[in-house]
Amino acid sequence: MYAVDEPAPRVMKTQHKIMLPESFLNFHAYEKHVYHYVHDNFEHVPIKGFKSLWRNEQGRDLFLGIVSARYKVIQNYQLFDAIECALIELFGSLDNIDVKDEWTDKGAVCLRQYVVKSSARQLDEHDRSRIAFRVIANNSFNGSKSATVLAGAIDFFCTNGTIIGEFDRLTSSHHTNLNSEKLIEFLRNAYAAFGRDFELNQKLLGTRCT
């Protein structure tokens, strides 16, 4: 089973500035047909119901995964751009937001974290625990998961990024379109929950557990 070569499209750029050109997540995933080679008659027989996803790196096609023919590709820049539009609506700009990009299998699964520095708050007067609002975006090109957005608080005191409370979750199937209005409402509600969690943890500060 293999995919017949097709030219890779040019990479599209996000309209905002967080997606820097040098980010390794700034690629365009493209589709190829999947064929089965029949040795008896030397024919390339298409495999119905499936397609393969690829990306281009320095002129080389890199395989990401095989998915169903109904699988709708959500590009990284589409997901990130929708999140960044929502963050601009909530916080006015992207200037006070730190970003960390990660991936596995050379882009088959991608993750981006946004930490809103302007939302940082101290839980106590000694600055022993400081939290901030964080948004995590997950996207895949191998059919392993839906496009997922998580939002909640991160505790800077813990080096492993311990969270405060629970993360809210929004998912978008790879058979539907991204809903920008739904995403904005989701982040607005998650940020309100972040404020309530902060107030609750401040009240509980110093409480002895037995």
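Residue positions are given per chain, counting from 1 as you read along its sequence in written order. At least 70 in pLDDT is required for a residue's local features to be given in this predicted model, at least 80 for side-chain atom pairs to be given and counted, and no such filter applies to totals for whole chains, interfaces and linings, which use all residues. The side-chain quantities take in all heavy atoms of the structure and omit both hydrogens and water.

This part covers the overall build of the protein. In terms of helices and strands, the protein carries 2 helices and 9 strands. Within the protein, the fraction of its 210 residues that count as buried is 42%. For every accessible area listed, the method is Shrake-Rupley and the probe measures 1.4 Å; residues are considered covered only by the protein chains on display. For the protein, the exposed area adds up to about 12400 Å²; of that, 50% sits on carbon and sulfur atoms. Going along the chain from the N terminus, every DSSP run of H or I of four or more residues is numbered as a helix, and every run of E of two or more is numbered as a strand. For each residue, the accessible area found with a 1.4 Å probe, counting protein chains only, is set against the maximum for its type, and the residue is called buried under 20%, exposed over 50%, and partly exposed in between.

A patch consists of residues whose relative accessible area exceeds 30% and which take part in no salt bridge; residues with like charges are grouped when within 9 Å of each other, and nonpolar side chains (Val, Leu, Ile, Met, Phe, Trp, Tyr) when within 5 Å. In the sections that follow, a salt bridge refers to a side-chain nitrogen of Lys or Arg positioned within 4 Å of a carboxyl oxygen of Asp or Glu. Residues F50, F63 and I66 make up a contiguous nonpolar surface patch of about 280 Å² in total accessible area. With respect to the helices and strands, F50 occurs in strand β3 (residues 43-57).

Next up on the list: the packing of aromatic side chains. Side-chain rings of Phe, Tyr and Trp (the six-membered ring for Trp) are treated as a pair once their centres are within 6.5 Å; stacked means planes under 30 degrees apart, edge-to-face means over 60, and tilted covers the remaining angles. Summed over the entire model, instances satisfying the criterion amount to 9 aromatic pairs. Aromatic pair F24 and W103: ring centres 4.9 Å apart, planes at 55 degrees, arrangement tilted. Taken together, the residues F24 in the loop between β1 (2-3) and β2 (30-38) and W103 in strand β5 (residues 97-104) connect sequence positions 79 residues apart. Its relative accessible area of 37% is what places F24 among the partly exposed residues. Joined through ring pairs, the aromatic side chains of F24, F27, W103 and F141 make up one cluster. Only when the NZ of Lys or the CZ of Arg is both within 6 Å of the ring centre and within 35 degrees of the ring normal is a charge said to sit over the ring. Its guanidinium or amino end placed over the ring of F27, R55 lies 5.4 Å from that ring's centre, counting from NZ or CZ. Geometry around F80 places R112 over its ring, the cationic atom sitting 4.4 Å from the centre.

What follows covers the confidence of the model for the protein. Scored from 0 to 100, pLDDT records how confident the predictor is in each individual residue. For the protein, the mean per-residue pLDDT works out to 81, and 75% of the residues sit at or above 70. Per-residue pLDDT, averaged within each element of the protein, yields its smallest value for β1 (49) and its largest for strand β4 (residues 60-68) (95). Contacts between residues were defined by any pair of non-hydrogen atoms, one from each residue, lying within 4.5 Å. This model gives residues 4-15 a pLDDT under 50, and the stretch forms 26 contacts once residues within four places in sequence are excluded.

To define a nonpolar core, start from buried Ala, Val, Leu, Ile, Met, Phe, Trp, Tyr and Cys residues and group those joined through side-chain atoms within 4.5 Å. I83, V135, V149 and L187 are the most contacted members of the largest nonpolar core, which has 37 residues in total. Secondary-structure elements contributing two or more residues to this core are β4, α1 (76-91), β6 (109-122), β7 (130-140), β8 (147-155) and α2 (180-204). Excluding anything up to four places from it in sequence, V135 contacts I83, L87, R112, Q113, Y114, V149, L150, A151 and L187.

It is worth spelling out the pattern of salt bridges at this point. Close approach of charged atoms allows side chains with opposite charge to pair. Across all of its chains, the model carries 9 salt bridges by this definition. Residues K51 and E31 are paired through a salt bridge, measuring 2.9 Å at the closest nitrogen-oxygen approach. Remark: E31 occurs in strand β2 and K51 occurs in strand β3; sequence separation between them is 20 residues. The class for K51 is buried, based on a relative accessible area of 9%.

What follows is about the pairing of β6. DSSP-based pairing: two strands are paired if at least 2 bridges between them are found. Of the pairings in the sheet, the one linking β5 to β6 comprises 8 bridges and is antiparallel in character. Within the sheet, the bridge partner assigned to W103 lies in β6 and is C110. The antiparallel pairing of β5 with β6 creates a hairpin that spans 4 residues between the two strands, and D105 there sits at a positive phi of about 50 degrees.

Quick look at the side chain of S119 now. Along the chain, S119 turns up in strand β6. Overall, S119 belongs to the buried group, its relative accessible area being 2%. Here a polar contact is taken to be a pair of N or O atoms separated by no more than 3.5 Å, where protein atoms must pair a possible hydrogen donor with a possible acceptor and residues adjacent in sequence count only if both atoms sit in side chains. At 2.6 Å, the side chain of S119 and the backbone oxygen of V116 are in polar contact. Ignoring sequence-local partners within four residues, the contact set of S119 consists of I131, A132, F133, Y191 and F194.

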